[in-house]
Amino acid sequence: MGRFDSAEKEKINGALFSGKDKGDGQILQRIVTKKRQLSEKMGTLTKEYATGINFEGDMAKHNFPISVKKSCIALFEETKLCFPSLSINVGEKIGISGENGVGKSSFIRYFVKKVNFQHEYLYIPQEITDKEAEQLFKDISELSPEEKGELFTLIQRLGSDAKALLYSTVPSPGEVRKLLIAQGLLKQPSLIILDEPTNHMDLDSIESLESALQEYAGALVFITHDQTFLKNLSTKRWVFEKSNPRQYTVQEIL
């Protein structure tokens with residue numbers, strides 16, 4: 001018997017793909033996480049994963065470490081987020097966690113604008129608009145045959161059928177996210193920043209993405225509510241917490 005029966009799996013996957021509000025999405029994400037934890041304890045993992053994210057050519061080079069200085073940023077009304085000096089070294093996988101509304105996505109947007117990126121990096125936000133998805137498919141259609149071949153390989157490494165993904169008439173939000181990741185990886189970035197990368201993905205897709213990112217040799221920063229994904233992938237954590245009603249803080253856990 002698999003991790004859970006097909007009827008239950010279809011129910012969860014259907015809800016994840018339907019674009020429900022954040023509250024429902026978090027409940028469903030917790031259900032998926034609990035099932036993952038249970039199955040791991042039972043030792044029922046038999047799936048063969050993709051080979052992961054690795055590049056045959058040279059990866060784009062950043063001058064590591066990449067750092068942001070101690071600062072505070074405004075969030076909403078009179079609430080602010082304060083954080084210490086933080087840095088990212090090559091090879092580190094930094095998991096960002098915390099309750100909703102504590103400034104995780106705001107910090108990532110600040111980080112992307114503040115840091116002087118001299119080379120290629122990949123940043124995929126939490127929400128992807130229809131316009132961005134439309135532009136994605138247009139950009140992919142204009143790739144050379146060689147680039148499309150590389151894209152197909154990357155999609156396979158992320159655990160999906162490349163042709164089915166590219167030619168789907170109504171791609172799910174999770175499928176669009178995978179395509180964005182694969183397209184960004186064509187530039188062989190040395191830094192990947194992902195905001196809630198497992199949103200709208202089913203269990204198999206989450207596990208394939210996790211496995212692929214584990215093999216990635218560059219630096220990774222990711223926000224997630226999936227505790228299993230966080231535990232399995234992160235080498236260091238930035239935890240966002242409320243210190244008082246008007247201030248949130250960041251704690252670094254090595």
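Please refer to the structure higher up on the page.
Rules used throughout
Residues numbered from 1 in each chain as written. Predicted model: local features only at pLDDT ≥ 70, side-chain atom pairs only at ≥ 80, totals over all residues. Heavy atoms only, no water. Helix = DSSP H or I, 4+ residues; strand = E, 2+ residues; numbered from the N terminus. Buried < 20%, exposed > 50% of the residue type's maximum accessible area, 1.4 Å probe, protein only. Polar contact = N/O pair within 3.5 Å; in protein donor to acceptor, adjacent residues only side chain to side chain. Pairing = 2+ DSSP bridges. Axes fitted to C-alpha atoms, helices over the stretch in contact; angles between N-to-C directions. Contact = heavy atoms within 4.5 Å. Expected span 1.5 Å × (residues − 1). Arc of directions from axis to C-beta. Salt bridge = Lys/Arg side-chain N within 4 Å of Asp/Glu carboxyl O.

### Considerations on the environment of Gln 126
Relative to the elements of secondary structure, Gln 126 occurs in the loop between strand E6 (122-124) and helix H4 (130-141). Taking relative accessible area as the criterion, Gln 126 reaches 18% and is therefore assigned buried. Separated by 68 residues in sequence, Gln 126 and Leu 194 place their C-alpha atoms 7.6 Å apart. In this structure the side chain of Gln 126 is engaged in a polar contact, spanning 3.5 Å, whose partner is the side chain of Ser 105.

### Here we look at the sheet that holds E6
One open sheet holds the eight strands; their spatial order is E2-E3-E10-E9-E5-E8-E7-E6, and the pairing between them is mixed. Looking along the sheet, the strands with just one partner apiece sit at the ends: strand E2 (71-76) and E6. Neighbour-to-neighbour, the strand axes of the sheet open up by a mean angle of 15 degrees, direction not taken into account. Pairing of strand E9 (residues 236-244) with strand E10 (residues 247-253), which is carried by seven bridges, proceeds in the antiparallel orientation. For Phe 240, the partnering residue across the bridge sits in E10 and is Val 250. Sheet contacts for helix H7 (residues 173-185): E6 and strand E7 (191-195); angle to E6, the most-contacted strand, approximately 165 degrees.

### Side note on helix H5 (residues 145-157)
Here H5 contains 13 residues, and its C-alpha end-to-end distance of 19 Å stays within 8% of the 18 Å for a straight helix at 1.5 Å per residue. Looking only at H5, the buried set comprises Leu 151, Leu 154, Ile 155 and Arg 157. Projected down its long axis, H5 carries its buried residues within an arc of 155 degrees, all on one side. Seen from the buried face of H5, the exposed residues on the opposite side, beyond 90 degrees, are Pro 145 and Glu 146. At the exit of H5 stands Gly 159, carrying a positive phi of roughly 85 degrees.

### Comments concerning the pattern of salt bridges
One pass over the full model with this rule turns up three salt bridges. Of the charged contacts in the structure, one is a salt bridge between Lys 236 and Glu 92, with a shortest N-O distance of 3.3 Å. Here Lys 236, found in strand E9, pairs with Glu 92, found in the loop between strand E4 (86-88) and strand E5 (93-97); they are 144 residues apart in sequence, far enough to count as distant. For Lys 236, a relative accessible area of 6% translates into the label buried. On the basis of relative accessible area, Glu 92 is assigned to the buried category, the value being 18%.

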